[in-house]
Each structure stands twice: as C-alpha cells, then as structure tokens.
Amino acid sequence: MHRWVTNHRARFWGMEHASVEDVRREYATIAASDHHEARIGLEAREPVFLMETYDPRQHELAAHLRLQPGDRGMHFLVAPTDRPRHGFTRAVITAVLTECFADPAVARVVVEPDARNTRVHALNAAVGFVVEAEVRLADKTALLSTCTRAAFERSSR
C-alpha cells in the first residue's frame, strides 16, 4: 500500500510523502471505522487496485452537497505498474461502481477528486458522473461529482 499511495501518479491522494507508519496508521483508522471501508481489488490473484467507500454524511463534503438517502462516497486507486494496459483504469472504475451499486441501498455515488486531476474527471464523466460543484475542502479544491445508478447503467451500454 505504501508504494501505491506514495507513487507520483497517486499525488492527488495527498500521501506522496507519507511514511510506512503514516500509511499503516491511516488504513488502521479506516479498518476500525464503522463508516469508511477499504478493499483491495484482485486480478488473477494479484492486488491491482484499492477501493474505498464511505458514508458521505460523515465527511466534510456533507457541508457542500445536499445528500440524499442512498448516497455512498467512493475513492479508487490503480496500483502502479511498469506495464500499463489501455482501458484498465476504465475497467477498474467500472468494477468499483458495479460493486458500489451491488448494494441495493446505494442510489448514488459521490466523489470529490482534486480539481487538478483532469484524467480522473474525464474518466468519471465517461462512467456517468456529473459535476455538482467545485468546493474547497480542508486538503484540496475538489470537483464534487455524483453518479446515479441509472447514469452508470447508461454509460455501460
């Protein structure tokens, strides 16, 4: 995990200079939380991405968005690789959203990527996210975006 979150490509996670202990502490906190979860995604039994989900009512973005019943926050990170594959990140976000929407209680996924992360904005739009607002959070200016189940299903056709 440390190698993943401190990689330059993960700079928007804000952990580029984190120590191994910092990362361990962060994920121990998430593991102990009753409203935030982290999971590793596998391909052929190899870890290839990180998926986090959280209750947005427990996040500072709740002050910036009219939350609705069925909202779920999400983060994802693709593991660094020496062999990039075309379309892999799109496949990962599709798998992550499929997992989010597998819970029938989830009606909408909320994300708050760094406003400078243009690559993820394009990817988010491709899978159905709509920008709600640019907001100032404690650690970044974020592009607050949402994706409904219906918008995601339309993007998958």
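It should be noted that the structure appears before, not after, this text.
Thresholds applied
- Residues numbered from 1 in each chain as written.
- Predicted model: local features only at pLDDT ≥ 70, side-chain atom pairs only at ≥ 80, totals over all residues.
- Heavy atoms only, no water.
- Core = buried A, V, L, I, M, F, W, Y, C linked by side-chain atoms within 4.5 Å.
- Buried < 20%, exposed > 50% of the residue type's maximum accessible area, 1.4 Å probe, protein only.
- Helix = DSSP H or I, 4+ residues; strand = E, 2+ residues; numbered from the N terminus.
- Contact = heavy atoms within 4.5 Å.
- Pairing = 2+ DSSP bridges.
- Polar contact = N/O pair within 3.5 Å; in protein donor to acceptor, adjacent residues only side chain to side chain.
- Salt bridge = Lys/Arg side-chain N within 4 Å of Asp/Glu carboxyl O.
- Lys, Arg positive; Asp, Glu negative; His and termini not counted.
- Axes fitted to C-alpha atoms, helices over the stretch in contact; angles between N-to-C directions.
- Parallel < 35°, antiparallel > 145°, perpendicular 65-115°, else oblique.
- Left-handed = near helix turned anticlockwise from the far one by under 90°.
- Nonpolar A, V, L, I, M, F, W, Y, C, P; charged D, E, K, R; others polar.

(A) Molecular detail of the nonpolar core. If you look at the biggest cluster of nonpolar residues, it comprises 21 residues, and the most contacted ones within it are M74, F76, I93, V96, L97, V109 and F129. Every element with two or more residues in this core is listed here: strand 2 (46-54), strand 3 (71-78), helix 3 (88-102), strand 4 (108-111) and helix 4 (118-126). Filtering out sequence-adjacent residues up to four positions away, V96 remains in contact with F49, M51, M74 and F76. Of all hydrophobic cores here, the second largest spans 11 residues; its members include V5, A10, L77 and A79.

(B) Local environment of the pairing of strand 6 (residues 141-148). With 6 of 8 residues buried, strand 6 is to be regarded as a mostly interior element. Both strand 4 and strand 6 contribute to a ladder of 4 bridges, which runs antiparallel. Along strand 6, the bridge assignment pairs V110 with T146. Where strand 5 (residues 130-136) meets strand 6, 6 bridges bridge the pair, whose relative direction is antiparallel. In the sheet register, R136 faces strand 6, and the bridge partner there is T141. Connecting the antiparallel pair strand 5 and strand 6 is a turn made up of 4 residues.

(C) Fine view of the side chain of E112. Within the fold, E112 resides in the loop between strand 4 and helix 4. Within polar-contact distance, the side chain of E112 engages the side chain of Y54 at 2.4 Å. A polar atom in the side chain of E112 sits 2.7 Å from the side chain of H75. Setting aside chain neighbours within four positions, we find E112 in contact with Y54, H59, L61, H75, L137, K140, A142, L143 and L144.

(D) Broad picture of unusual backbone geometry. Residue A44 is not a glycine yet carries a positive backbone phi of 50°. By the element assignment, A44 lies in the loop between strand 1 (36-43) and strand 2. Looking at A44, the relative accessible area reads 71%, which means it is exposed. With a phi angle near 70°, R45 is a residue other than glycine that sits in the positive phi range. Its place among the elements puts R45 in the loop between strand 1 and strand 2. Classification of R45 as exposed rests on a relative accessible area of 78%.

(E) Layout of the pattern of salt bridges. Per the stated rule, a full pass over the model turns up 10 salt bridges. The residue R57 makes a salt bridge to D55 at a minimum N-O spacing of 2.7 Å. Classification of R57 as exposed rests on a relative accessible area of 61%. On the accessibility criterion, D55 (11% relative accessible area) is buried.

(F) The arrangement of the side chain of E52 in detail. Tracing the backbone shows E52 in strand 2. Buried and without a salt bridge, E52 has K140 as its closest oppositely charged side chain, separated by 9.6 Å. For E52, the side chain forms a polar contact with the side chain of Y27, separated by 2.7 Å.

(G) Focus on the packing of helix 3 against helix 4. Their axes nearest at 10 Å, the elements helix 3 and helix 4 cross at an angle of 55°. It follows that helix 3 is oblique to helix 4 by the angle criterion. For the crossing formed where helix 3 meets helix 4, the hand is right-handed. Between helix 3, through T89, R90 and I93, and helix 4, the contact on the second element is made entirely by L123, N124 and A126. A breakdown of the residues in the contact of helix 3 with helix 4 according to their chemical character gives 3 nonpolar, 2 polar and 1 charged.

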